[in-house]
Amino acid sequence: MAAQKINEGLEHLAKAEKYLKTGFLKWKPDYDSAASEYGKAAVAFKNAKQFEQAKDACLREAVAHENNRALFHAAKAYEQAGMMLKEMQKLPEAVQLIEKASMMYLENGTPDTAAMALERAGKLIENVDPEKAVQLYQQTANVFENEERLRQAVELLGKASRLLVRGRRFDEAALSIQKEKNIYKEIENYPTCYKKTIAQVLVHLHRNDYVAAERCVRESYSIPGFNGSEDCTALEQLLEGYDQQDQDQVAEVCNSPLFKYMDNDYAKLGLSLLVPGGGVKKKVAAPPQATPEGHAAPAAEDEEDEYAGGLC
């Protein structure tokens, strides 16, 4: 079966080469027919699991379409070549071709197809090169934003933000989350704005920037419904505990369902958050109570003297 498909692919390649030849009576190559034959060859090689040959056929098909000024079909062929490289586990090279395809889709005036190609490339490379995936998701978001498809744009920004948090690139994550928040505010999805404020605060505290975290909460008071919400109350308690170096209070807030059931990357930030110094706030001793005679009552006998056993 595989040998039959390989032979079939070779036949289509031979036909394509004939269409590209010129002669005394044929002055111009037939790029359209050649592209069709290269496409058929690619399918045959793919079915035979000869991905290298299938990739080469796709690339030849793309060039033929380009020569014929058929940009959309050329982009499709480049994207298919990228998918053949994916099958060969050559992911960086695959992404490179899919990026090229997306630029051609944009040039052709089909931004939706360009955005879908970029998102696909991001998913391919996410586990291998998260930094490249962030770039691709941000590019996709920009394409959607330019088309005023804000819901799709913010979804891709969310993917980029989570990858930045996972990579502990907190400065970039803070900016990305702020952009998400702005879009959610624009489309009047206020409850999600509250959740993004929690994410922002956690990121800023992991940056050891209490001032920025506090500013995020203060600025969010202008979002309808935020002031007095459970999100607002929890954040105020979190900031209070962090400011007073009360690890117990911080842990209590971060272990609440509101924080634990956020996206996993943000929930982990909450669970790993330590106050400056990493200690627990010391309890303030109660002032001694006066006896009826006006003298201070002695401390309870069972309280341990810090230096009871001497300095050693």
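As a starting point, this report considers the structure included with it. As the structure is a computational prediction, the values presented were derived from the model and not from experiment. (Residues numbered from 1 in each chain as written. Predicted model: local features only at pLDDT ≥ 70, side-chain atom pairs only at ≥ 80, totals over all residues. Heavy atoms only, no water.)

Section: the overall build of the protein chain
At step 1: Each helix and strand counted, the protein chain has 15 helices and 0 strands in total.
At step 2: Residue burial in the protein chain is summarised as follows: out of 312 residues, 43% are buried.
At step 3: Pairs at least 24 residues apart make up 55% of the contacts formed inside the protein chain by residues separated by at least 6 positions. (Helix = DSSP H or I, 4+ residues; strand = E, 2+ residues; numbered from the N terminus. Buried < 20%, exposed > 50% of the residue type's maximum accessible area, 1.4 Å probe, protein only. Contact = heavy atoms within 4.5 Å.)

With respect to the nonpolar core
At step 1: Judged by nonpolar contacts, the single largest core of 86 residues is most densely connected at Val201, Leu238 and Phe259.
At step 2: With 9 residues, the top contributor of residues to this core is helix H8 (residues 150-166).
At step 3: Beyond its immediate sequence surroundings of up to four residues, valine 201 is in contact with Ala213, Cys216, Val217, Leu235, Leu238 and Leu239. (Core = buried A, V, L, I, M, F, W, Y, C linked by side-chain atoms within 4.5 Å.)

Considering the packing of aromatic side chains
At step 1: Considering all chains together, one arrives at 4 aromatic pairs under this definition.
At step 2: An angle of 55° between the planes, with centres 5.6 Å apart, marks the rings of tyrosine 194 and phenylalanine 226 as tilted. Remark: phenylalanine 226 occurs in the loop between helix H11 (210-220) and helix H12 (230-243) and tyrosine 194 occurs in helix H10 (residues 190-206); sequence separation between them is 32 residues.
At step 3: According to the relative accessible area criterion, phenylalanine 226 is buried, its value standing at 0%.
At step 4: Three or more aromatic residues link up through ring pairs in this structure, and these residues are Tyr194, Tyr221 and Phe226. (Phe/Tyr/Trp six-rings, centres within 6.5 Å; stacked < 30°, edge-to-face > 60°.)

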